Amino acid sequence: MARIEAITVPKWGLTMTEGTVNAWLVEEGDTIAVGDSLMDMETSKIVNVVESIVAGTLRRKVAQPGDVLPVAALMGVVAEADVTDAEIDDFIAGFSPDDRGAATDAPEPAAQATPSAPPLASAAEAAVSPPPAVTAANAPAVPDALRSGDDDSDVHATLHARKRAAELGINLNNVAASGRNNRISVGDIERAIVDAGGSLPARAPAARIPEGSAVPDDDSGVAATPVARRLARSLGVNLHSCRPTGRRGKVCKYDVEAAHALQHGAAPPAAPTPELAADTAPAVETLPMSGMRRTIASRLQASKQSIPHYRVSMDIRLDALLALRQQINAGDPGVKVSVNDGVVKAVAMALVNMPEVNVQFDEASQSIRRYRNADISVAVAIDDGLITPIVKAADTKTLTHISRELRDLATRARAGTLQAEEFQGGSFSISNLGMFGVRQFDAIINPPQAAILAVASGESRPVVDNGELGVATVMTASLSSDHRVIDGATAARFLQVVKRFIETPALMLA
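The structure displayed is predicted, hence computed values, not measured ones.

1. What to know about the pattern of salt bridges
Step number 1: Inspection of the entire model under this criterion finds 22 salt bridges.
Step number 2: One salt bridge in this structure joins Glu503 and Lys499, with 2.9 Å as the shortest N-O distance. With Glu503 and Lys499 both in helix H11 (residues 488–503) and four residues apart, this pair spans about one turn of that helix.
Step number 3: By relative accessible area, Lys499 is classed as partly exposed at 25%.
Step number 4: Connected through salt bridges with shared partners, the residues Arg59, Asp85, Arg230 and Arg233 form a single ionic network.

And the structure:
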């Protein structure tokens, strides 16, 4: 019996219900192994890569970029070469998400004159053969100019590009982005290598049958697009006789038509040429909302409508914290403590001192969950939205520990590799727009939390001390609170405690 396998929407985390297909990373007709990257998929929280749990040939892409599919929905079909298109159509028509991607036996095809393709590799066999690693033989020659630079953890790049850059020792600050949402792709890295004077390994030319040689009857092993393979079968063209001009060295529809024309003494068709689209773009562009954007919209709308927000603001001097930061960073070149790291630590200490703010509100049971430790959710901007990775028990960690953990969380958040437990939950949130020069702003509470601190930019302002006019580095912090849980006086006292820790940072080291 021939085998047909289903590629289905995976479930990442307990709260995931659907995913949006961003882009396929493989083509129909490609041979895939267990663990191969199949597509970029976006959920309400992250953008991640769907990896294959089966091995074989991708025969059909069922899902298309932009499709929003529930968990366990069918996205693609993997099958042996001797499975007919009609059998695949029947499999797709009869597929149920309850199948959970289990393998299905297809009817045995009718006997053919040509030998069938080898059977699909088992999952265990495929797992033994990992993808080829970067070696001296296949590694590009990377110029030194691409290796140096500042920390590139904040650079927008695809997961594959970041992995490739890490393999080659390339700093992403040196690569120009051209991908979706201004992200760096693997192609951008390869172009940067060539532009900087480096070189890429030569691609092996497509195998050709020498003139005068016998053409093998079995052309199932020839790389070809599904359209080209069906057309060749209907015209009686052996794919070995086609000159591949398609993407990735595949035989395309034009190649089959050209081979058929030559076999019958006719002139080959004109090669396809790209056509420039007329400048008919509308003045207004309609863009579909991504799954993440829709989730953010619905959650924040519900928060704004159902939670009685109120704000308390306070000016806080940063000079002492800046001096401590400079001292720590100068003492250890491997440490890069930021002002935001100090704010996270100060807020964590304040929450432990005032546990009535370190809470979540359960609206269904009308109860309050009070936390012993401060689990701080820190807003991180990513492509098409934001995510709030959590520094857990931040009150128990040093400034350097918080700094390293935040950089790691932010890097993996932008790469879409966070685990669900790393961004779900938290007892308090911090949103920092100081790097954009924002003087003051209000943030919306992230339910079921009861408060969020909006941190603005530190700037030189005139201050008065004991009747004397001076200059200090001052930032404005605004606390948004849920009035059902936190009273105004409590919020004001909490900001006073945060202010005391930031303006006397030695207290955070005690």
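2. Examining the packing of aromatic side chains
Step number 1: Counted according to the given criterion, the structure contains two aromatic pairs.
Step number 2: Between Phe91 and Phe95 the ring centres are 6.0 Å apart and the planes differ by 55 degrees, which places this aromatic pair in the tilted class. Here Phe91 matches Phe95 in class, with each residue buried.
Step number 3: Judged by centre distance (5.6 Å) and plane angle (45 degrees), the rings of Phe428 and Phe494 are tilted. In this pair, Phe428 sits in strand S17 (residues 428–432) while Phe494 sits in helix H11, placing the two residues 66 residues apart along the sequence.
Step number 4: Note on Phe428: relative accessible area 0%, which makes it buried.
Step number 5: The ring of Phe501 has Arg500 sitting right over it, with the charged end atom 5.2 Å from the ring centre.

3. Overview of the side chain of Thr476
Step number 1: Inspection of the secondary structure assignment puts Thr476 in strand S20 (residues 468–482).
Step number 2: The exposure class of Thr476 is buried, given its relative accessible area of 9%.
Step number 3: A polar side-chain atom of Thr476 sits 3.2 Å from a polar atom in the side chain of Arg461.
Step number 4: Among all residues touching Thr476, those that are not within four sequence positions of it are Ser313, Met314, Asp315, Arg439, Gln440, Ala454, Val455, Ala456 and Arg461.

4. Some words on the packing of helix H9 (residues 339–353) against H11
Step number 1: At a closest axis distance of 9 Å, the pairing of H9 and H11 adopts a crossing angle of 130 degrees. One element, H9, and the other, H11, form an angle in the oblique class. When the axes of H9 and H11 are compared, the crossing they make is right-handed. The segment H9 lies against H11, with Val343, Ala346, Val347, Met349, Ala350, Leu351 and Asn353 engaging Phe494, Val497, Val498, Phe501 and Ile502.

5. Brief notes about unusual backbone geometry
Trans peptide bonds make up most of the peptide bonds, and negative phi angles are found at most residues other than glycine.
Step number 1: A cis amide bond links Pro447 to the next residue, Pro448, at an omega of 10 degrees.
Step number 2: Considering the arrangement of structural elements, one finds Pro448 in the loop between S17 and strand S18 (451–455).
Step number 3: The phi torsion at Gln366 lies on the positive side, around 55 degrees, for a residue other than glycine.
Step number 4: By secondary structure assignment, the location of Gln366 is in the loop between strand S11 (359–362) and strand S12 (367–370).
Step number 5: Look at Gln366 and you get exposed, because its relative accessible area is 57%.

6. Description of the confidence of the model for the protein chain
Atomic detail in the predicted coordinates should be set aside for any region of low pLDDT.
Step number 1: Per-residue confidence for the protein chain gives a mean pLDDT of 82, with 82% of residues at or over 70.
Step number 2: Confidence drops under pLDDT 50 across residues 203–209; counting only partners more than four residues distant or on other chains, this segment forms eight contacts.

7. Quick word on the state of the cysteines
Step number 1: Inspection of every chain in the model, using the stated rule, returns zero disulfides.
Step number 2: Looking at Cys242, it has no disulfide partner, and the nearest cysteine sulfur is the one in Cys252, 9.1 Å off.
Step number 3: Under the relative-accessibility criterion, Cys242 is labelled buried at 4%.
Step number 4: Exposure remark for Cys252: the relative accessible area of 18% places this residue in the buried category.

Conventions adopted
Residues numbered from 1 in each chain as written. Predicted model: local features only at pLDDT ≥ 70, side-chain atom pairs only at ≥ 80, totals over all residues. Heavy atoms only, no water. Salt bridge = Lys/Arg side-chain N within 4 Å of Asp/Glu carboxyl O. Helix = DSSP H or I, 4+ residues; strand = E, 2+ residues; numbered from the N terminus. Buried < 20%, exposed > 50% of the residue type's maximum accessible area, 1.4 Å probe, protein only. Phe/Tyr/Trp six-rings, centres within 6.5 Å; stacked < 30°, edge-to-face > 60°. Lys NZ or Arg CZ within 6 Å of the ring centre and 35° of its normal. Polar contact = N/O pair within 3.5 Å; in protein donor to acceptor, adjacent residues only side chain to side chain. Contact = heavy atoms within 4.5 Å. Axes fitted to C-alpha atoms, helices over the stretch in contact; angles between N-to-C directions. Parallel < 35°, antiparallel > 145°, perpendicular 65-115°, else oblique. Left-handed = near helix turned anticlockwise from the far one by under 90°. pLDDT = per-residue confidence, 0-100. Disulfide = S-S within 2.5 Å.

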